[in-house]
Amino acid sequence: MNELLNSVRSFLPESPFSTATAGPESDMDIDSIRKAKVPPLRKNFFEYNFVELGSFLKFCSGKVAPNHHEKEEIFKWCMKNNEKNALVWWLEKNQEETLSAYNPNPEEISMMAYVLCRNSSIQRFELSKAHCTIELAKELGNAFKVNKDLKRIFLHDLEFAPDTLPCLAEGLSHQVGTKDFNISGPGLNDQNFACLIQALQNCDRVSLTLSGIRLNSDSAREIFGAIKKSTKIQSLTLSRQKIDKASMSEIASCLQASSGLKQFNFFQNQCEPGTALLLEEALIESSLKSMRFSQIDFDSGPAVSFDRIIKKSRGLSEISLDGKDLNDDDIAKIASELIDHRRMQRFSLENGNFNEESTRALVVALQGNENLYELDLYGCIFRGDAAEDLCASIEKNTVLEKINVWKSNLSDDHKTKINNLCKRNHDAKRFLQQDALLYSRMANHIALPTELGTLLANQMLMLSESTAAYESATIEIALSIQALAANAQNGPQQAAAHSGEALQELPPGCTLV
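Just so it is clear, the structure is predicted and the values come from calculations on it, not from any experiment. Residue positions are given per chain, counted from 1 along the sequence in the order it is written. Local features in this predicted model are restricted to residues of pLDDT 70 or higher, and side-chain atom pairs are both shown and tallied only at a pLDDT of 80 or more, whereas totals for entire chains, interfaces and linings draw on every residue. Hydrogens and water are ignored here; the side-chain numbers use all heavy atoms of the structure.

Moving on, we get to the pairing of strand S7 (residues 206–211). Most of S7 is tucked away: five of the six residues are buried. Only strands joined by at least two bridges in the DSSP assignment are considered to pair. A helix here means a DSSP run of H or I that spans at least four residues, while a strand means a run of E at least two residues long, and both kinds are numbered starting from the N terminus. With five bridges joining them, strand S6 (residues 180–184) and S7 adopt parallel strand pairing. Along S7, the bridge assignment pairs Asp180 with Ser207. Relative to strand S8 (residues 233–239), S7 runs parallel, the two being bridged by six bridges. Note on S8: the bridge partner recorded for Leu208 is Leu236. For the handedness criterion, the strands are oriented away from the viewer, and a crossover whose path from the first strand over the helix to the second runs clockwise is classed as right-handed. Between the parallel elements S7 and S8, the chain passes through helix H10 (residues 217–229) in a crossover that is right-handed. Note on classification: 1.4 Å probe, protein chains only; a residue is buried when its accessible area is under 20% of the maximum for its type, exposed when over 50%, partly exposed between these limits.

This is the structure in structure tokens:
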């Protein structure tokens with residue numbers, strides 16, 4: 001209680017009970033709000049709930065940093081009391097980057113638009129579980145027009161009144177920095193969705209998420225026809241959809257024709273029988289580099305053959321799958337395709353159930369795949385002696401830098417060993433990059449660039465030796481390159497002295513120049 005009293009006293013004017021603190025009932029421009037030394041509240045202090053006011057002013061003092069829950073309470077207090085100017089003041093003072101509301105009423109949505117128009121620090125705007133009328137859409141559209149640098153805009157599960165999207169699109173067309181745009185809710189399939197997609201054309205790269213739209217043949221044709229024409233949408237996420245054959249045909253056509261689309265995420269969708277092959281062929285023919293799938297229901301029909309997609313897709317370098325969607329045979333086929341895959345860099349299979357065949361295929365893939373550097377096996381179940389086989393294959397792998405085996409049935413000792421082996425490879429790559437950077441800075445002063453090639457080749461050869469030998473060789477090569485730098489700057493004699501001080505005998509098979 002004393003802390004609350006002190007918080008209030010620090011903001012009290014000389015005569016707090018005779019006048020309001022500073023905040024008028026009317027709107028204020030951003031410059032006036034910024035100049036205010038205290039939060040511009042609408043009423044005198046004694047007209048507020050003392051405890052709630054004290055909590056708010058405590059965080060306005062700057063002496064205490066609020067946690068996430070306390071920030072939510074600040075938003076709620078300001079909205080409940082219609083303290084829009086005070087909220088702008090607090091957001092500006094603390095350089096808050098997020099403005100969000102869950103299940104707000106119309107007055108609170110209007111207040112969010114007001115705040116957004118007057119705040120320069122907000123980069124993420126999130127509105128969930130609300131009814132969006134045309135009037136509110138116009139206010140939000142105007143806010144988007146004024147605040148042009150929002151990085152992320154999330155409109156979750158909104159009930160859109162008819163003809164609201166054009167109002168939002170008018171404001172979104174002024175956005176220049178949006179990277180992530182997420183929209184979901186009933187009523188979207190009856191809207192002019194094309195105008196919304198076109199409004200994002202001024203942004204550099206956009207991740208678009210469409211969720212729970214209730215697709216039909218007409219809305220799918222409009223939505224995916226607009227996405228197909230867009231050059232700025234690089235990532236598309238479809239979730240919580242019921243997809244019939246007509247809608248899947250439009251999705252497939254969009255995936256095949258969109259050259260700018262590089263990532264496709266497909267989560268929690270219910271698909272009619274016969275749609276799997278349409279999706280599969282489209283994914284193979286697309287130019288996608290990344291695909292993520294989880295909780296797909298094809299209503300007892302044939303599922304997508306992910307092993308075929310991995311094998312035949314032209315540019316695929318990252319795929320994420322949910323083992324709950326796959327049987328033992330599926331996992332074995334997928335793991336087998338990784339053995340000779342020349343482009344796959346990231347592979348994720350969460351909650352997979354590996355039998356002896358699929359484990360053997362994964363072990364062979366880890367021994368021979370020279371491109372895969374990130375592997376996610378979260379929650380996977382392995383049978384038999386899989387742990388020792390995995391450790392042995394990863395020990396011979398010089399590329400894999402990151403592996404997630406959390407929540408798997410591997411022992412803690414095996415998890416630690418696997419992570420240490422991956423750390424070895426990660427550190428090797430970092431040392432290599434440091435050496436290359438150092439060389440690039442002195443390249444103009446060295447007559448024979450083949451010296452670098454010899455050094456780096458020696459370093460790579462040592463990756464197959466023991467950990468101790470490898471670390472020794474890495475240090476020696478870094479020192480040798482530094483010696484070359486000294487040679488360029490100080491002359492050969494000083495360089496020899498500089499190099500000879502630290503160089504030691506190298507392990508067999510490593511020759512330094």
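This paragraph deals with the packing of helix H14 (residues 328–337) against helix H15 (residues 356–368). Simply put, an axis is a line fit to the C-alpha atoms, just over the touching stretch for a helix, and the angle between two N-to-C directions goes from 0 to 180 degrees. At a minimum axis separation of 8 Å, H14 and H15 run at an interaxial angle of 15°. Taken together, the axes of H14 and H15 lie roughly parallel to each other. Between H14 and H15 lies a crossing whose hand is left-handed. Here Ile331, Ala332, Ala335 and Ser336 of H14 lie close against H15, whose contacting residues are Glu357, Ser358, Ala361, Leu362 and Ala365. Here the contact of H14 with H15 is built from residues that sort into six nonpolar, two polar and one charged. Under this scheme an angle from 65 to 115 degrees is roughly perpendicular, one under 35 degrees roughly parallel, and one over 145 degrees roughly antiparallel; angles in between are oblique. Here a crossing is taken to be left-handed if its near helix is turned anticlockwise relative to the far helix by less than a right angle, and right-handed if that turn runs clockwise. It only takes one pair of heavy atoms within 4.5 Å for two residues to be counted as in contact. Residue classes follow a fixed rule: Ala, Val, Leu, Ile, Met, Phe, Trp, Tyr, Cys and Pro count as nonpolar, while Asp, Glu, Lys and Arg count as charged, and any other residue, Gly among them, counts as polar.

Below, the discussion takes up the sheet that holds S6. Spatially, S1-S2-S4-S6-S7-S8-S10-S12-S13-S14-S16-S18 is the arrangement adopted by the 12 strands of the open sheet, whose pairing is parallel. The sheet is open, and its two borders are formed by strand S1 (98–102) and strand S18 (402–404), each paired with just one other strand. On average, each strand axis in the sheet is inclined to that of its neighbour by 5°, with strand direction left out of account. Relative to S18, strand S16 (residues 374–376) runs parallel, the two being bridged by three bridges. Among the inter-strand pairings, Asp376 is bridged to a residue of S18, identified as Asn404.

Empty space within the largest pocket amounts to approximately 430 Å³. Site definitions follow a grid-based scheme: protein atoms alone, a 1 Å grid, a 1.4 Å probe that fits but cannot get out for cavities, and for pockets an open set with protein on both sides within 12 Å along at least five of seven lines, plus lining residues having an atom within 4 Å of a point. In terms of lining, the largest pocket is formed by 15 residues, of which the most central are Glu72, Phe75, Ser100, Ala101 and Tyr102. Taken together, the elements giving at least two residues each to the lining of the largest pocket come down to helix H4 (68–80), S1 and strand S2 (124–128). For the lining of the largest pocket, the leading source of residues is H4, giving six residues. Residues of the lining of the largest pocket, tallied by class, amount to five nonpolar, four polar and six charged. Grid points are joined across faces, edges and corners, and a volume is the space filled by probe spheres set on the points.

A cluster of acidic residues, Glu356, Asp385, Glu388 and Asp389, forms a negative patch at the surface. Secondary-structure assignment places Asp389 in helix H16 (residues 386–396). Residue classification places Asp389 among the partly exposed positions, given a relative accessible area of 39%. In this scheme, patches are assembled from residues that exceed 30% relative accessible area and form no salt bridge. Like charges are connected within 9 Å, while nonpolar side chains (Val, Leu, Ile, Met, Phe, Trp, Tyr) are connected within 5 Å. Working definition of accessibility: Shrake-Rupley area with a 1.4 Å probe, residue cover restricted to the visible protein chains. Note on definitions: salt bridges are taken to be side-chain nitrogens of Lys or Arg within 4 Å of carboxyl oxygens of Asp or Glu. In this count, Lys and Arg are taken as positive residues and Asp and Glu as negative ones, while His and the chain termini are left out. By convention, charge coordinates are those of NZ in Lys, CZ in Arg, CG in Asp, or CD in Glu.

This part covers the pattern of salt bridges. Using the criterion set out here, one finds 19 salt bridges in the structure. With a shortest N-O distance of 4.0 Å, Glu250 and Arg221 are connected by a salt bridge. Here Arg221 lies in helix H10 and Glu250 lies in helix H11 (residues 245–257), a separation of 29 residues in the sequence. Here Glu280 and Arg308 are joined by a salt bridge, their closest N and O atoms 2.6 Å apart. Pair noted here: Glu280 is in helix H12 (residues 276–285) and Arg308 is in helix H13 (residues 306–312), with a separation of 28 residues, a long-range link. One continuous salt-bridge network, built from bridges that share partners, spans Arg292, Glu318, Arg346 and Glu374.

Okay, unusual backbone geometry next. For Arg214, which is not a glycine, the phi torsion comes out positive at approximately 65°. By the element assignment, Arg214 lies in the loop between S7 and H10. A positive phi angle, close to 55°, is found at Gln268, a residue other than glycine. Mapped onto the fold, Gln268 is located in the loop between strand S10 (263–267) and strand S11 (270–271). According to the relative accessible area criterion, Gln268 is partly exposed, its value standing at 40%.

Once that is clear, we can look at the environment of Lys429. As for its position among the elements, Lys429 is in helix H17 (residues 412–442). The class of Lys429 is partly exposed, set by a relative accessible area of 37%. Separated by 28 residues in the primary sequence, Lys429 and Glu401 place their C-alpha atoms 8.7 Å from one another.

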